[in-house]
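Each chain, written out:
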Amino acid sequence: MSSQAIPKSQKAIVFYETNGKLEYKDIAVPEPKANEILVHVKYSGVCHSDLHAWRGDWPFQLKFPLIGGHEGAGVVVKLGSNVKGWKVGDLAGIKWLNGTCMSCEYCEVGNESQCPHLDGTGFTHDGTFQEYATADAVQAAHLPQNVDLPEVAPILCAGVTVYKALKRANLIPGQWVTISGACGGLGSLAIQYATAMGYRVIGIDEGETKKRLFEGLGGEIFIDFTKEKDIVGAVIKATDGGSHGVVNVSVSEAAIEASTRYCRPNGTVVLVGMPAHAYCKSDIFNQVVKSISIVGSCVGNRADTREALDFFARHLVKSPIRLAGLSDVPKIFEEMENGDIVGRYVVDTSK
Ligand code: 8ID
Ligand code: ZN
């Protein structure tokens, strides 16, 4: 095992039960297992899934105490004894898929997100709301040496996820895609991946600031869900018959239901956002007669990650980030819950 100067203790945001106090405290720096790298996480994005985990919204067995965060960008400082393909000093990204078994029927064909032995960063494995985090060496993402660490952080969950969701929408260039929840963390990247992939983008979200961000990122038509009374009619009119694809990244059951109605015949509704205890309601007559596909999409595999990072490295997408400190995570969760965040917060773990 090789190593460079690593402190014994570090700062982290820890909680001991769902909805429990988010404690900003000193804890021990973890040791990487044989298959793991230890990453000095310099920056971490704050994803709405971190808020869901803390709230205990999903039927997902968490570990406790738990350190959340799963969009980490930093430097490799130590290698486990079986690690291949990494060296100390490399830049690494930590994703939500911390580790998968690589031998089940899902991993075998690259559907790693469905691995029954999946280890989830910030869920079953301590995450990136700490200065030093461990990550499975096979799943961790190799980052280009000159990459901007705060900006690349959101690509590791938000970017990969929306890129994969857009692929699942089966669109061809020139077709319409509607991003519902267009100006949060996932949505603001989805606008750009969709544009780079040649699709025309409608965004649904709220307020003038988000509208300006949407237009600045290349979106064509913005619909404010707090002002538009007939969202279904507005999308159908703007697209002359319905959106060919929809990527749902809002945290709203009603928005998802509406998307099944403004989707164009033979189009695809992709479910990404996961409001707590919600159902996807789709009128069966509408769905059958229009032959609409409704599909789920969960993060992405290693190839999706490499491709999503490549779009970023080629400056086809940029991260609309706001920087904060690790100790600000509780405040960020509050803003997120109120729907006030424009783009993505990224925290500097040293502050
Ligand atoms: O792999 C996955 N499926 C995956 C990966 C990462 C995140 C899923 N997610 C999930 C998160 O857990 C969360 O449920 O995607 C959802 C969005 O994550 P986010 O982008 O990190 O959340 P955000 O930054 O809070 O953005 C949400 C946006 O939705 C808008 C809000 O205004 C905000 O901009 N929104 C809401 I809430 N209700 C809306 C509505 N009715 C709406 N936009 C349109 N219509
Ligand atoms: Zn996430």
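Residues numbered from 1 in each chain as written. Chains lettered and ligands numbered in written order. Predicted model: local features only at pLDDT ≥ 70, side-chain atom pairs only at ≥ 80, totals over all residues. Heavy atoms only, no water.

Undergrad: Please clarify how helix 11 (residues 329-337) should be interpreted in this entry.
TA: Three or four residues apart is the spacing at which side chains of an α-helix point the same way, because the helix has 3.6 residues per turn. For helix 11, every residue scored as buried is listed here: Val-329, Ile-332, Phe-333 and Met-336. Along the axis of helix 11, the buried positions cluster into a sector of 105°, meaning they face one direction only. Away from its buried face by more than 90 degrees, helix 11 exposes Lys-331 and Glu-334. Buried residues along helix 11 sit in contact with strand 1 (9-14), helix 1 (48-55), strand 16 (321-325) and strand 17 (344-348). Remark: Gly-339 follows helix 11 within two positions and exhibits a positive phi of approximately 70°. (Buried < 20%, exposed > 50% of the residue type's maximum accessible area, 1.4 Å probe, protein only. Helix = DSSP H or I, 4+ residues; strand = E, 2+ residues; numbered from the N terminus. Arc of directions from axis to C-beta. Contact = heavy atoms within 4.5 Å.)

Undergrad: Would you explain the packing of helix 4 (residues 158-168) against helix 5 (residues 185-196) in this entry?
TA: Each packed pair of helices is defined by two parameters, the angle between the axes and the distance between the axes. The contact between helix 4 and helix 5 brings their axes to 8 Å, and the two run at 50°. When the interaxial angle is binned, helix 4 and helix 5 end up oblique. As helix 4 runs across helix 5, the sense of the crossing is right-handed. Residue-level inspection shows Ala-158, Gly-159, Thr-161, Val-162, Tyr-163 and Leu-166 of helix 4 in contact with helix 5, the latter providing Gly-185, Leu-186, Leu-189, Ala-190, Tyr-193 and Ala-194. When grouped by side-chain class, the residues that make up the contact of helix 4 with helix 5 number nine nonpolar, three polar and no charged. (Axes fitted to C-alpha atoms, helices over the stretch in contact; angles between N-to-C directions. Parallel < 35°, antiparallel > 145°, perpendicular 65-115°, else oblique. Left-handed = near helix turned anticlockwise from the far one by under 90°. Nonpolar A, V, L, I, M, F, W, Y, C, P; charged D, E, K, R; others polar.)

Undergrad: When you look at the coordination of the zinc ion (ligand 2) in this model, what are you seeing that I'm missing?
TA: Four donors placed tetrahedrally about a metal ideally form angles of 109.5 degrees, and six donors placed octahedrally ideally form angles of 90 or 180 degrees. The zinc ion (ligand 2) binds to the protein through Cys-47 (SG), His-70 (NE2) and Cys-157 (SG); the donor distances cover 2.0 to 2.3 Å. Read in sequence order, the donor residues coordinating the zinc ion (ligand 2) give the pattern C-x22-H-x86-C. Residue Cys-47 is located in the loop between strand 3 (36-45) and helix 1, and its partner His-70 is located in the loop between helix 1 and strand 4 (72-79); the two are separated by 23 residues in the primary sequence. Exposure class is identical for Cys-47 and His-70. Each is buried. (Donors = N, O, S within 2.8 Å, 3.2 Å for Na, K, Ca; no water.)

Undergrad: How do you make sense of the packing of aromatic side chains when you look at a structure like this?
TA: In this description, a pair of aromatic rings is defined by centroid distance and the angle of the planes. Inspection of every chain in the model, using the stated rule, returns 10 aromatic pairs. Geometrically, the ring pair formed by Phe-60 and Phe-123 is edge-to-face, given 5.1 Å between the ring centres and 65° between the ring planes. Note that Phe-60 is positioned in the loop between helix 1 and strand 4 and Phe-123 in the loop between strand 7 (119-120) and strand 8 (132-136), a separation of 63 residues in sequence. Given a relative accessible area of 1%, Phe-123 falls into the buried group. With centroids separated by 5.8 Å and ring planes inclined at 90°, the aromatic side chains of Trp-96 and Phe-123 adopt a geometry described as edge-to-face. Linking Trp-96 in the loop between strand 5 (91-94) and strand 6 (97-99) with Phe-123 in the loop between strand 7 and strand 8, this pair joins segments that are 27 residues apart in sequence. Pair check on accessibility: Trp-96 and Phe-123 agree, each one buried. Note that Lys-11 overlies the ring of Tyr-24, its terminal NZ or CZ placed 5.3 Å from the centroid. (Phe/Tyr/Trp six-rings, centres within 6.5 Å; stacked < 30°, edge-to-face > 60°. Lys NZ or Arg CZ within 6 Å of the ring centre and 35° of its normal.)

Undergrad: What is the right way to read the packing of helix 7 (residues 231-238) against helix 8 (residues 253-262) from this model?
TA: The interhelical angle for the contact between helix 7 and helix 8, taken along N-to-C directions, is 40°, at an axis separation of 9 Å. Crossing geometry of helix 7 relative to helix 8 is assigned as right-handed. Residue-level inspection shows Ile-231, Val-232, Val-235 and Ile-236 of helix 7 in contact with helix 8, the latter providing Ala-258, Arg-261 and Tyr-262. Here the residues of the contact of helix 7 with helix 8 are counted per class, giving six nonpolar, no polar and one charged.

Undergrad: What am I meant to see in the site of ligand 1 here?
TA: His-48, Ser-49, Asp-205, Val-299 and Arg-344 are the nearest of the 31 residues found near ligand 1. The contact in question runs from a nitrogen atom of ligand 1 to an N or O atom on the backbone of Ser-297, over 2.9 Å. Taking Arg-344, its side chain carries an N or O atom lying 2.7 Å from an oxygen atom of ligand 1. Contact with the protein chains removes 92% of the 900 Å² of surface that ligand 1 exposes when unbound. Ranked by residue count, the leading element in the shell around ligand 1 is helix 1, at three residues. Considering only residue class, the shell around ligand 1 consists of 15 nonpolar, 12 polar and four charged. (Near = heavy atom within 4 Å. Polar contact = N/O pair within 3.5 Å; in protein donor to acceptor, adjacent residues only side chain to side chain. Areas by Shrake-Rupley, 256 points an atom, 1.4 Å probe, with all protein chains shown as cover.)

Undergrad: How should the sheet that holds strand 15 (residues 293-296) be read in this particular structure?
TA: Pairing is parallel across the open sheet formed by six strands, whose spatial order is 12-11-10-13-14-15. With one partner strand each, in any of the chains shown, strand 12 (221-224) and strand 15 form the two edges of the open sheet. Ignoring which end each strand starts from, the neighbouring axes of this sheet average 20° apart. By the bridge criterion, four bridges tie strand 10 (residues 176-180) to strand 13 (residues 243-248) in an arrangement that is parallel. The partner of Val-177 across the bridge, within strand 13, is Gly-245. (Pairing = 2+ DSSP bridges.)

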